Amino acid sequence: MKLPIFMDNHSTTPVDPRVLEEMLPYFTEDFGNAASRNHAFGWKAEEGVEKGRSRIASLIHADPKEIVFTSGATESNNLALKGVAEMYAEKGDHIITCVTEHKAVLDTCKRLEKLGKRVTYLPVDQYGQIDLDELRKSITDKTVLVSIMYANNEVGTLQKIKEIAKIAKEKGVLVHTDAVQAVGKIPVDVNDLNVDLMSLTAHKLYGPKGVGALYVRKKGPRVRLVAQMDGGGHERGMRSGTLNVPGIVGFGKACEIAGEIMPEEMSRLTGLRDQLRHAIESNLEEVFLNGHPTERLPNNLNISFAYVEGESLLMGLDDIAVSSGSACTSATLEPSYVLKALGVGEDLAHTSIRFGLGRFNTKEEVDYVIQKVINNVNRLREMSPLYEMAKEGIDLKSVSWGRES
Amino acid sequence: MAYTDKVVDHYKNPRNVGSMDKSDPTVGTGIVGAPECGDVMKLQIRINDQSGVIEDAKFKTFGCGSAIASSSLVTEWVKGKTVDEALKIKNTEIVEELNLPPIKIHCSVLAEDAIKAAIADYKKKKD
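Every value quoted in this text rests on a predicted model; they were computed, and no experiment measured them.

Residues and elements named next belong to chain B. Interaxial distance between helix 2 (residues 65-78) and helix 4 (residues 91-98) falls to 11 Å at its minimum, and their mutual angle equals 110 degrees. Relative to helix 4, helix 2 is oriented roughly perpendicular. The chirality of how helix 2 crosses helix 4 is right-handed. Two secondary-structure elements touch here, helix 2 through S66, A69, S70, L73 and V74 and helix 4 through I94, E97 and L98. Within the contact of helix 2 with helix 4, the residues separate by chemical class into five nonpolar, two polar and one charged.

On to the sheet that holds strand 9 (residues 287-289) of chain A. Residues and elements named next belong to chain A. Strand order in the open sheet formed by four strands is 9-10-13-12, and the pairing between neighbours is antiparallel. The open sheet terminates on both sides in strands that have one partner only, identified here as strand 9 and strand 12 (323-324). Alignment of strand 12 against strand 13 (residues 352-356), held across two bridges, turns out to be antiparallel. Bridging from a neighbouring strand, S324 pairs with I353 of strand 13. Against the sheet, helix 8 (residues 245-283) touches strand 9, strand 10 (300-305) and strand 13, its axis set at about 15 degrees to strand 10.

This brings us to the pairing of strand 1 (residues 27-34) of chain B. Residues and elements named next belong to chain B. Counting buried positions along strand 1 yields eight of eight residues, so the element is predominantly enclosed. As paired elements, strand 1 and strand 2 (residues 39-47) share eight bridges and run antiparallel to each other. Directly across from T29, in strand 2, lies its bridge partner Q44. Count of turn residues in the strand 1/strand 2 antiparallel hairpin: four residues, of which G38 carries a positive phi of about 85 degrees.

Residues and elements named next belong to chain A. Two elements in contact, helix 3 (residues 73-87) and helix 4 (residues 103-114), have axes separated by 9 Å at closest approach and are oriented at 30 degrees. Here the hand of the crossing between helix 3 and helix 4 comes out right-handed. Facing A73, T74, N77, N78, L81, K82 and A85 of helix 3, the residues of helix 4 in contact are A104, V105, T108, C109 and L112. Within the contact of helix 3 with helix 4, the residues separate by chemical class into seven nonpolar, four polar and one charged.

All right, on to the nonpolar core then. It is characteristic of soluble globular proteins that their nonpolar side chains tend to be buried jointly. Ranked by internal contacts, the top residues of the largest apolar core, which has 154 residues, are A:Y215 and B:A114. At 12 residues, helix 8 of chain A tops the list of elements feeding residues into this core. Counting contributing residues per domain, this core is built from domain 1 (17-257) and domain 2 (262-392) of chain A, each supplying no fewer than three. Excluding anything up to four places from it in sequence, B:A114 contacts B:G30, B:V32, B:M41, B:L43, B:S71 and B:V74.

Looking now at the sheet that holds strand 7 (residues 197-201) of chain A. Residue and element names in this part refer to chain A. Here seven strands make up an open sheet; going across it, the order is 2-8-7-6-5-3-4 and the pairing mixed. Each having just a single partner strand, strand 2 (67-70) and strand 4 (118-122) make up the two edges of the open sheet. Strand-to-strand twist of the sheet, defined as the mean angle between neighbouring strand axes without regard to direction, takes the value 20 degrees. The pairing of strand 3 (residues 94-98) with strand 4 spans five bridges and is parallel. In the sheet register, I96 faces strand 4, and the bridge partner there is T120. Packing against the sheet, helix 4 makes contact with strand 3, strand 4, strand 5 (143-147) and strand 6 (174-178), and its axis sits at approximately 155 degrees to strand 3.

Parameters at a glance
- Residues numbered from 1 in each chain as written.
- Chains lettered and ligands numbered in written order.
- Predicted model: local features only at pLDDT ≥ 70, side-chain atom pairs only at ≥ 80, totals over all residues.
- Axes fitted to C-alpha atoms, helices over the stretch in contact; angles between N-to-C directions.
- Helix = DSSP H or I, 4+ residues; strand = E, 2+ residues; numbered from the N terminus.
- Parallel < 35°, antiparallel > 145°, perpendicular 65-115°, else oblique.
- Left-handed = near helix turned anticlockwise from the far one by under 90°.
- Contact = placed C-beta atoms within 7 Å.
- Nonpolar A, V, L, I, M, F, W, Y, C, P; charged D, E, K, R; others polar.
- Pairing = 2+ DSSP bridges.
- Buried ≥ 20, exposed ≤ 12 C-beta atoms within 10 Å, placed from the backbone.
- Core = buried A, V, L, I, M, F, W, Y, C linked by C-beta atoms within 7 Å.
- Domains from an automatic or database assignment.

Here is the structure:
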């Protein structure tokens with residue numbers, strides 16, 4: 001077993017060697033510009049791009065013509081929200097999203113609000129799901145878009161996208177989903193879900209960083225967007241800029257592999273994740289699962305370890321890469337807004353750890369992580385005044401804490 | 001963010017972790033911070049009534065590595081000092097010793113507050 005162990009696969013994933021192998025010729029031999037229509041270098045590059053486009057489309061059951069390449073999911077989200085808001089400005093000025101979205105959606109919405117659009121941020125329940133009735137009630141005749149993420153990047157909760165789309169479609173409203181964490185991890189079918197726009201990125205599914213895509217429905221309805229990048233009119237006018245050919249080739253290969261091994265990978269990662277969860281729960285008291293018990297990504301585990309501050313636990317797990325919702329790990333000193341939205345108290349939010357399992361994690365690694373987590377939580381609890389007070393029977397909620405730090 | 005060697009050393013080998021009897025009249029207990037803020041420090045000192053010298057110090061901390069290191073460090077610093085000397089310890093000295101980055105300065109402030117709170121508790125018991 002090689003140390004350090006990477007178990008932070010929601011942040012990014014390593015490039016699969018099979019992906020890299022397929023990309024390499026496109027850096028050197030086949031380096032052409034896919035927009036060069038009059039020579040072999042361009043044709044070869046275009047061939048690579050179109051093969052990638054087909055493979056990506058195939059993974060989400062879309063038509064290749066519905067795939068618009070971008071630099072990543074942040075750009076895809078920006079293009080979807082801003083592009084729809086601008087294109088359908090005459091129809092309405094209202095967008096519905098939810099409070100646990102990625103910042104790429106939330107901050108785009110804030111920008112749109114500054115430009116005069118109205119945005120409804122739906123709350124979520126204790127598991128991280130929106131209420132469908134609340135969604136229904138929020139839609140007005142001015143609503144142009146509902147944008148709800150498929151799977152949450154912190155707690156792994158899956159939203160009921162199919163039902164959400166059904167409600168929006170009944171009222172003639174377009175649906176966008178940021179499916180960055182879901183695509184390649186669980187089956188995703190744009191037609192079964194009946195969504196109009198979907199953001200994807202390569203680096204979350206063992207492809208390279210710097211390449212993403214936006215699925216834009218062509219039929220029933222034909223979705224139109226105002227381009228947010230002016231230039232040569234690439235990607236059917238929706239996104240100008242020379243295509244990242246090696247990136248797209250790699251993205252395509254990554255999607256092909258994900259599609260082929262998905263059933264096996266899902267069950268293997270679910271098994272490892274459940275092993276990790278059960279070992280932690282049976283060896284440590286007062287640990288709390290964050291997110292939905294069943295409706296969650298197979299590779300996600302998010303747990304609060306009461307009385308142990310998250311960053312101090314990360315420090316103890318010095319040869320394991322995981323992440324924490326603790327304030328101390330963020331630049332703002334605010335604990336995770338996602339956990340807060342789920343109603344996790346700030347005290348417990350500070351103690352949360354996110355484990356993101358991936359294709360290259362082994363059982364041996366999970367065993368190692370389990371042991372190290374248990375040892376460190378026990379050690380830090382021995383050092384924790386809160387644990388001591390709780391053991392003495394003091395209700396920590398009733399204590400009047402002298403000073404806000 | 002990488003931690004400095006001194007912070008890692010205090011985190012891995014914390015000095016003087018433990019608790020003393022809160023009701024002991026020679027023991028001053030200071031608990032500062034709040035769980036919602038992600039930091040709670042408990043500092044306890046045992047003071048010689050005659051000399052006013054801090055003879056022992058113990059801490060327990062819920063917080064990040066820098067908070068643990070700051071409290072571990074002050075238990076070393078206050079031992080052997082008189083109450084008046086201990087009150088002169090400034091958070092900036094902790095920042096300097098541990099090389100804390102700006103975002104962790106509040107950990108040092110909390111440690112300074114913990115000393116003051118423990119001494120105030122001791123003095124209250126004397127009155």
